[in-house]
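# Understanding the architecture of this molecule
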Amino acid sequence: MAHSFQDIDDTMDEYSIGWVSVANMFDSDFAYSSYAAGDYVVLTMRIDERKVSPAVLKKYTMKEEERIKQEKELPRLSRAARLEIKERVRAELVRKSAPIPSTYDLCWNLSDNTLLFFSTSKKAHALLEDLFKETFEMSLVLQIPWLIGQRMAEGEAAAGYDNMGPAILL
């Protein structure tokens, strides 16, 4: 499948995003068509990211700066030297850190062309929109309860939507 998840455990990559099976976050080959369920496509968007906490980076950077100052008997380091040390320490810490996985499930109803995404995270929504567009060459439109109700309403209820306005509920 296009844009299936690529594992970064054995690489130096800091970030990976792609599709995996809902049944198994390690199945990016979709064994036995595990994405198909009748008129539905069920997928999990998996994101692996290597992160270094700012506090840990600061600690090890300061430690390395002190070591170099003592070794070279310098009262202080230049800005360029400090930046180089920070980048070197960051690269080493990232290399040593394990990727942190995040998964988000979705259910796409092909017959009525709706998609349910099981996350309220704005960042996850943005990543889903981008990955979905790259994979399926389709854009997503966020549905709110008002729009869903308007689409489902019939008869008098549908006409009532035109007369409705915002209200404060206590």
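Higher on the page you've got the structure.
So, here's what we can say about the structure. Remember, it's a predicted structure, so these values are computed and weren't measured experimentally.

Before going further, it helps to spend a moment on the packing of aromatic side chains. Here the structure, examined in full by the defined rule, presents six aromatic pairs. Ring centres 6.1 Å apart and planes at 40° place the aromatic pair Tyr104 and Phe117 in the tilted group. Residue Tyr104 is found in strand β4 (residues 100-109), and its partner Phe117 is found in strand β5 (residues 114-117); the two are separated by 13 residues along the sequence. On the basis of relative accessibility, which here comes to 16%, the residue Phe117 falls in the buried class. Taking 5.0 Å as the distance between ring centres and 65° as the angle between the ring planes, the aromatic pair formed by Trp108 and Phe136 counts as edge-to-face. Of this pair, Trp108 sits in strand β4 while Phe136 is found in helix α3 (residues 122-136), placing the two residues 28 residues apart along the sequence. Ring pairing ties together the aromatic residues Trp19, Trp108, Phe132 and Phe136, which thus form one cluster.

Two strands pair when backbone bridges link them, and strand β3 (residues 40-49) and β4 are joined in this way by 10 bridges, in the antiparallel orientation. Bridging from a neighbouring strand, Arg46 pairs with Thr103 of β4. Of the strand pairs in this sheet, β4 and β5 are connected by four bridges, and their pairing is antiparallel. Within the sheet, the bridge partner assigned to Asn109 lies in β5 and is Thr114. The antiparallel hairpin formed by β4 and β5 contains four residues in its connecting segment, where Asn113 sits at a positive phi of about 55°.

Mapping Ser21 onto the fold places it in the loop between β1 (15-20) and β2 (36-37). Judged by its relative accessible area of 2%, Ser21 is buried. A distance of 3.1 Å separates a polar atom in the side chain of Ser21 from a polar atom in the side chain of Ser34. If we ignore the near neighbours within four places in the chain, the residues touching Ser21 are Asp27, Phe30, Ser34 and Thr44.

Moving on to the environment of Lys86. Tracing the backbone shows Lys86 in helix α2 (residues 79-96). It is 16 Å that separates the C-alpha atoms of Lys86 and Ser97, two residues lying 11 residues apart in sequence. Residues in contact with Lys86, not counting those within four places in the same chain, are Leu57 and Thr61.

Below, the discussion takes up the nonpolar core. Core analysis: the largest hydrophobic core is formed by 14 residues, its most contacted members being Trp19, Leu43, Met45, Tyr104, Leu106, Phe117 and Leu128. Ignoring any residue separated from it by four or fewer positions in sequence, one finds Met45 in contact with Ile17, Gly18, Trp19, Ser102, Thr103, Tyr104, Phe117, Ala124, Leu127, Leu128 and Leu131.

Right, let's get into the pairing of β3. Extensive coverage of β3 is indicated by the burial of eight of its 10 residues. By the bridge criterion, six bridges tie β1 to β3 in an arrangement that is antiparallel. Residue Tyr15 lies in a different strand from β3, and its bridge partner there is Glu49. Two successive antiparallel strands, β2 and β3, enclose a turn made up of two residues, where Gly38 displays a positive phi of approximately 65°.

The next thing to look at is the packing of helix α1 (residues 54-72) against α2. In helix packing, the relevant descriptors are the interaxial angle and the interaxial distance, both defined with respect to the helix axes. For the pair α1 and α2, interaxial distance at closest approach is 9 Å and the crossing angle is 125°. With respect to each other, α1 and α2 are oriented oblique. Where α1 crosses over α2, the two elements pack in a sense that is right-handed. Taken together, the residues of α2 that come into contact with α1 (itself represented by Val56, Leu57, Tyr60, Thr61, Glu64, Glu65 and Ile68) are Arg82, Ile85, Lys86, Arg88, Val89, Arg90 and Leu93. Broken down by class, the residue content of the contact of α1 with α2 amounts to seven nonpolar, one polar and six charged.

Next up on the list: the environment of Asn109. Counting through the fold element by element, Asn109 comes out in strand β4. On the basis of relative accessibility, which here comes to 10%, the residue Asn109 falls in the buried class. Once the C-alpha coordinates of Asn109 and Ile47 are considered, the two residues, 62 residues apart in sequence, prove to be 23 Å apart. Residue contacts for Asn109: discarding those within four places in its chain leaves Asp39, Tyr40 and Thr114. Here the side chain of Asn109 touches Ser111 through a polar contact of 2.7 Å, side chain to side chain. Polar contacts involving the side chain of Asn109 include one to the main-chain amide nitrogen of Asp112, which spans 3.3 Å.

Calculation criteria
Residues numbered from 1 in each chain as written. Predicted model: local features only at pLDDT ≥ 70, side-chain atom pairs only at ≥ 80, totals over all residues. Heavy atoms only, no water. Phe/Tyr/Trp six-rings, centres within 6.5 Å; stacked < 30°, edge-to-face > 60°. Helix = DSSP H or I, 4+ residues; strand = E, 2+ residues; numbered from the N terminus. Buried < 20%, exposed > 50% of the residue type's maximum accessible area, 1.4 Å probe, protein only. Pairing = 2+ DSSP bridges. Polar contact = N/O pair within 3.5 Å; in protein donor to acceptor, adjacent residues only side chain to side chain. Contact = heavy atoms within 4.5 Å. Core = buried A, V, L, I, M, F, W, Y, C linked by side-chain atoms within 4.5 Å. Axes fitted to C-alpha atoms, helices over the stretch in contact; angles between N-to-C directions. Parallel < 35°, antiparallel > 145°, perpendicular 65-115°, else oblique. Left-handed = near helix turned anticlockwise from the far one by under 90°. Nonpolar A, V, L, I, M, F, W, Y, C, P; charged D, E, K, R; others polar.

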